[in-house]
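Examination of the molecular architecture
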Amino acid sequence: MKESTASSRLSRLGAALMRDNVRQYGMVIALVAIVVLFQILTGGLLLTPLNVTNLIMQNSYILILAIGMMLVIITGHIDLSVGSVVAFTGAVSAVMLTSWGLPTLAVVPLALLLGALIGAWQGFWVAYVRVPSFIVTLAGMLVFRGATLAVLGGESIAPLPEALRSLSSGFLPGQGEGLHLPTLLLGAAGAAAIVWIRWRARSRSLGYGLPVPSAGATAATSAVVVAAVLAFTYVLARYNGLPVVGVLLVVLIAGYSFLMRSTTMGRRVYAVGGSEQAAALSGIRTRRTAFWVFVNMGVLSALAGLVFTARLNAATPGAGTMFELDAIAAAFIGGASAFGGVGTVVGAVIGALVMGVLNNGMSLIGLGVDWQQLIKGLVLLLAVAFDIYNKRRATSGRPVRPARARRRGGGEAGGGRDGAGSVPGPARAAPS
Amino acid sequence: MTERERRPASPGGPLLLMRGIQKEFPGVRALDGVSLSVGHGRIHALMGENGAGKSTLMKVLSGVHPAGSYTGEILVDGRPCAFSGVADSERAGIAIIHQELALIPQLSVSENIFLGHERSRFGIVDWGSTHARARELLRRVGLDENPATPVSALSVGARQLVEIAKALAKRVRLLILDEPTSALNEAESARLLELLLDLREQGVTCILISHKLGEVMRVCDEVTILRDGRTIETLEVERDADGTPSVDEDRVIRGMVGRALDQRHPGRSGEIGPVRFEVRDWTVDHPTQLGRRVVDGASLTVRAGEVVGMAGLMGAGRTEFAMSLFGRSYGRHVRGSVLKDGRELDTGDVAAAVRGGIAYVPEDRKTLGLLLDGDIRHNTTMAALGRVSRHGVLDPGLEAVEAARMSERMRVRSHGTTQIVRTLSGGNQQKVVLGKWMFTEPDLLILDEPTRGIDVGAKYEIYLIVRRLAAAGACVLLISSELPEILGMCDRIYTMCEGRITGEVPRAEADQETLMRLMTRTGGHP
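Computed from a predicted model, the values in this text were never measured in an experiment. (Residues numbered from 1 in each chain as written. Chains lettered and ligands numbered in written order. Predicted model: local features only at pLDDT ≥ 70, side-chain atom pairs only at ≥ 80, totals over all residues. Heavy atoms only, no water.)

**Looking at the overall build of chain A**
When its secondary structure is counted, chain A shows 15 helices and 0 strands. Every one of the 432 residues in chain A was classed for burial, and the buried ones make up 45%. Pairs at least 24 apart in sequence give 77% of the contacts found in chain A among residues at least 6 apart. Of the accessible surface of chain A, which amounts to about 19900 Å², a share of 70% is contributed by carbon and sulfur atoms. (Helix = DSSP H or I, 4+ residues; strand = E, 2+ residues; numbered from the N terminus. Buried < 20%, exposed > 50% of the residue type's maximum accessible area, 1.4 Å probe, protein only. Contact = heavy atoms within 4.5 Å. Areas by Shrake-Rupley, 256 points an atom, 1.4 Å probe, with all protein chains shown as cover.)

**Description of the domain arrangement of chain B**
All names here are of chain B. Along its sequence, chain B is organised into domain 1 (1-93 + 172-183 + 200-243), domain 2 (102-170) and domain 3 (275-519). Relative to domain 2, the C-alpha centre of domain 1 lies at a distance of 25 Å. Counting residues at the interface gives 9 residues for domain 1, matched by 7 residues for domain 2. Summed over both sides, the interface between domain 1 and domain 2 buries roughly 830 Å², with carbon and sulfur atoms accounting for 50% of that surface. Area buried by domain 1 at its contact with domain 2 is led by Glu 90, Val 172 and Gln 202, which between them contribute 43% of it. Where domain 1 meets domain 2, there are 1 salt bridge. We note a salt bridge from Lys 170 to Glu 90, for which the minimum N-O separation is 2.9 Å. (Domains from an automatic or database assignment. Buried area = accessible area lost by both parts, 1.4 Å probe. Salt bridge = Lys/Arg side-chain N within 4 Å of Asp/Glu carboxyl O.)

**Details of the nonpolar core**
The tendency in soluble globular proteins is for nonpolar side chains to be buried side by side. The biggest cluster of nonpolar side chains holds 135 residues, and the ones touching the most others in it are Ile113(B), Ile164(B), Leu175(B), Trp282(B) and Phe321(B). In terms of residues, this core owes the most to one element, helix α5 (residues 156-169) of chain B, which gives 9 residues. Core analysis: the next-biggest nonpolar cluster, separate from the first, contains 52 residues, Ile56(A), Ile74(A), Leu303(A) and Ala352(A) among them. (Core = buried A, V, L, I, M, F, W, Y, C linked by side-chain atoms within 4.5 Å.)

**Some points on the side chain of Ser81(A)**
Residues and elements named next belong to chain A. Residue placement: Ser 81 occurs in the loop between α2 (49-74) and α3 (82-98). Under the relative-accessibility criterion, Ser 81 is labelled buried at 0%. A distance of 2.8 Å separates the side chain of Ser 81 from the side chain of Gln 122, its partner in a polar contact. (Polar contact = N/O pair within 3.5 Å; in protein donor to acceptor, adjacent residues only side chain to side chain.)

**Considerations on empty space enclosed by the protein**
All names here are of chain B. Evaluated as defined, the whole model comprises 10 cavities of 30 Å³ or more. By volume, the largest cavity amounts to about 80 Å³. As for the largest cavity, its lining consists of Glu 179, Ser 182, His 211, Lys 212, Leu 313, Met 314, Gly 315, Ala 316, Met 496, Cys 497, Glu 498 and Met 519. Of the residues contributing to the lining of the largest cavity, the split by class is 6 nonpolar, 3 polar and 3 charged. Residues from two domains meet in the lining of the largest cavity; each of domain 1 (1-93 + 172-183 + 200-243) and domain 3 (275-519) gives at least three. (1 Å grid on protein atoms, 1.4 Å probe; cavity = no way out; pocket = protein on both sides within 12 Å on 5 of 7 lines; lining within 4 Å. Points joined across faces, edges and corners; volume = space filled by probe spheres on them. Nonpolar A, V, L, I, M, F, W, Y, C, P; charged D, E, K, R; others polar.)

**Looking at the environment of Ala359(B)**
All names here are of chain B. Looking at the secondary structure, you find Ala 359 in strand β18 (residues 358-361). Taking C-alpha positions, Ala 359 is 14 Å from Gly 348, a pair spaced 11 residues apart along the chain. With residues up to four places along the chain from it excluded, the contact list for Ala 359 reads Phe 326, Trp 437, Thr 440, Pro 442, Leu 444, Leu 445 and Ile 446.

**Focus: unusual backbone geometry**
Between Ala158(A) and the following residue, Pro159(A), the backbone shows a cis peptide bond with an omega angle of -10 degrees. For Pro159(A), the position within the fold is in the loop between α5 (133-152) and α6 (162-169). A positive phi angle, near 50 degrees, is found at His391(B), a position not held by glycine. Following the sequence through the fold, His391(B) ends up in the loop between β19 (389-390) and β20 (393-394).

What follows is the structure, encoded as structure tokens:
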């Protein structure tokens with residue numbers, strides 16, 4: 001390290017960054033490509049202020065679910081029940097609002113609490129009884145769909161109070177004519193915050209004597225990000241401004257990104273997903289971690305349930321059907337590993353946007369649902385195949401993942417030692 | 001159906017002759033001109049230290065390492081053989097039973113016995129004949145079980161017998177048993193050895209690999225000793241009227257270890273202080289087999305600045321001891337006490353053990369020690385996140401600096417701390433695990449086979465790190481199967497056998513033969 005020059009160190013760091021982030025960048029590039037493609041195919045309809053606003057609103061609940069799903073998948077689990085939980089929490093909220101006459105301000109926290117309880121229920125079975133999450137949440141999918149039908153008596157509840165509807169169809173207050181000023185100001189504030197965070201991180205790294213990109217490079221990348229934020233808010237400002245649900249999404253994305261990247265809690269989630277045994281032997285309470293990840297998923301499902309119910313202005317028995325698959329697809333397109341331990345919140349958001357833009361763009365050009373499903377399925381498959389191909393190349397031809405169970409007689413290499421380890425790990429029973 | 005339907009081509013010659021077998025793995029010559037001759041109807045013991053090449057030799061013989069991947073010749077009944085797979089060697093009447101049993105627990109005993117060569121006509125299983133034949137085979141191995149019982153309901157000892165029945169079903173002539181008694185209790189072991197003698201009467205030849213010298217000498221007719229991938233000698237064993245073998249155990253031990261200690265260990269420095277850690281009456285039961293004690297009343301002390309060795313053969317209970325000590329990560333009914341500086345230490349879970357200053361570098365670093373898809377930074381800090389965070393918020397700059405510093409101290413060769421550990425070599429991965437635990441600033445570092453599968457250079461560096469840690473006053477408990485490593489590194493050595501501590505030897509009085517004798521001192525054979 002010491003004898004190498006600063007520039008070679010930098011290029012090496014850059015190469016390492018590219019290697020580690022090729023998947024993330026790849027997906028950003030794919031997203032941009034899809035946007036450009038549909039912008040051309042729709043003759044400019046895709047990026048009109050109205051349609052961009054619609055895109056956010058249409059995909060808001062999937063984005064919320066995708067964030068929670070990403071955490072679940074990083075932990076090495078899956079949650080198939082989120083669609084049913086969306087329906088159930090939506091139904092219960094609607095009953096509380098209409099039959100019980102509770103105010104929206106009381107219903108929202110109650111619904112989130114209900115989501116937490118549902119998550120705790122599933123987390124208990126997964127983490128402490130150690131029933132595979134696939135089974136627990138498959139059961140949950142049936143249980144909460146059935147519960148939804150029971151609560152609604154097979155019928156829809158509509159309409160819902162205005163206060164709830166504003167959650168998904170409301171906009172930030174502001175004047176009606178011309179550009180929406182508060183939105184522009186928020187955009188500028190956001191851009192400034194991004195620049196401040198980036199420069200502070202850079203100066204901190206400098207303080208530790210770590211290699212950092214040159215000031216020019218940081219300025220250039222910051223300029224790109226700032227331009228994107230400003231352009232986005234400008235487009236929104238030309239319509240009604242930033243939707244309420246957009247604010248919610250920004251807060252969630254920023255909050256969960258921070259949690260997963262910068263806190264010890266997030267690091268433990270990655271560790272448990274990366275290797276439960278290694279995490280346990282490092283003093284991490286692996287069961288508790290998995291439990292809370294499911295509680296979190298329950299809360300976010302309830303939030304998505306509120307947003308979706310508000311958007312529909314009705315609670316219906318069939319609400320949320322297939323949402324779990326959209327959320328799971330978003331997480332995998334966004335770079336999650338099916339084996340756990342890998343993935344980012346931003347990745348899930350990009351994955352959800354890829355699916356959202358595909359949906360929206362294909363609808364705009366009049367493709368039927370049949371073709372839409374077909375194409376979305378292929379996109380999911382190709383994205384994950386690309387990921388596996390990349391990983392295999394990165395580990396220079398070694399298998400992506402060693403077989404979980406060591407087969408007999410397979411272990412002896414190198415030193416030619418006799419047999420495999422003599423002792424089972426914590427979760428592995430003795431030779432039997 | 002007779003067991004001797006194939007007549008030997010050269011009557012009177014050995015059943016099996018292996019000559020000049022050489023087998024190389026990348027960078028290592030595991031077998032270097034090994035010869036082995038096994039006579040008809042005899043029990044032939046194959047002895048050697050861990051890593052001597054016994055298992056590799058048996059894999060060559062059974063076709064796991066196919067013809068072409070080694071040089072040398074194999075003759076069965078004087079006929080040259082070139083097995084391209086296990087199926088080939090089975091056709092020649094050779095069956096191998098591994099330490100890890102290869103039965104499918106959910107299937108019944110008879111299904112397991114005939115797995116892969118079901119008794120069937122046109123693909124339809126003939127259950128009547130299957131069960132009848134299975135019952136007959138079970139009788140031969142002395143197992144009184146219904147053949148319809150699922151294997152999961154059987155004890156480990158019974159499973160071993162089912163494995164042998166399975167081999168007999170294939171009309172085996174040469175049965176290879178690799179550490180058959182390592183998972184068995186004494187009664188089960190005795191029963192298995194009786195069975196081997198019975199089978200010998202029925203004309204089945206047997207190659208027995210075992211670390212338990214006492215039981216080997218009780219049953220074998222011939223012993224071949226391997227060391228460092230070479231055949232050292234083959235001895236005939238005869239017994240006088242009261243069963244005393246003509247070859248004594250010391251002779252075999254000398255053959256197994258007989259090499260000079262190489263200068264591959266750094267010299268020690270620093271003073272040994274007072275006792276810091278003490279373990280009293282540590283007893284652990286097997287996690288699934290009720291009542292089987294894996295560690296039985298083990299007590300030991302470690303002084304400040306001392307490297308204490310724990311020598312023992314595979315299955316002696318050393319790893320179980322260490323892992324149960326480390327926050328009860330293994331076993332059930334863990335009892336006994338740990339004292340640090342004379343005060344009782346809470347080791348109820350891993351977090352408590354880490355807080356108490358204990359660190360455990362596991363034997364199986366890939367699954368128990370590392371996040372393979374994580375980078376060096378994350379792996380380095382994962383056991384001590386508190387050191388790089390404030391109020392639960394990580395300081396990425398501090399983490400990068402600390403990880404880089406630790407990496408340098410451990411001499412990890414990488415292109416930076418953001419490298420994914422899966423892409424590192426085995427030696428460098430081990431250094432990352434070591435760094436992860438050094439980062440917790442432990443008072444007691446337990447190293448479990450720290451140099452397994454690691455090249456010589458990395459080994460020396462790991463020894464240096466251990467030395468430096470001890471010189472700084474920390475306690476080290478070094479578990480190893482390699483006696484040269486134990487003798488080269490340790491100030492004091494405990495030996496373990498069958499879950500019990502069988503000896504405590506200061507470095508000055510220790511040599512390989514003494515240790516080997518203590519390590520093989522099973523309950524009935526002091």
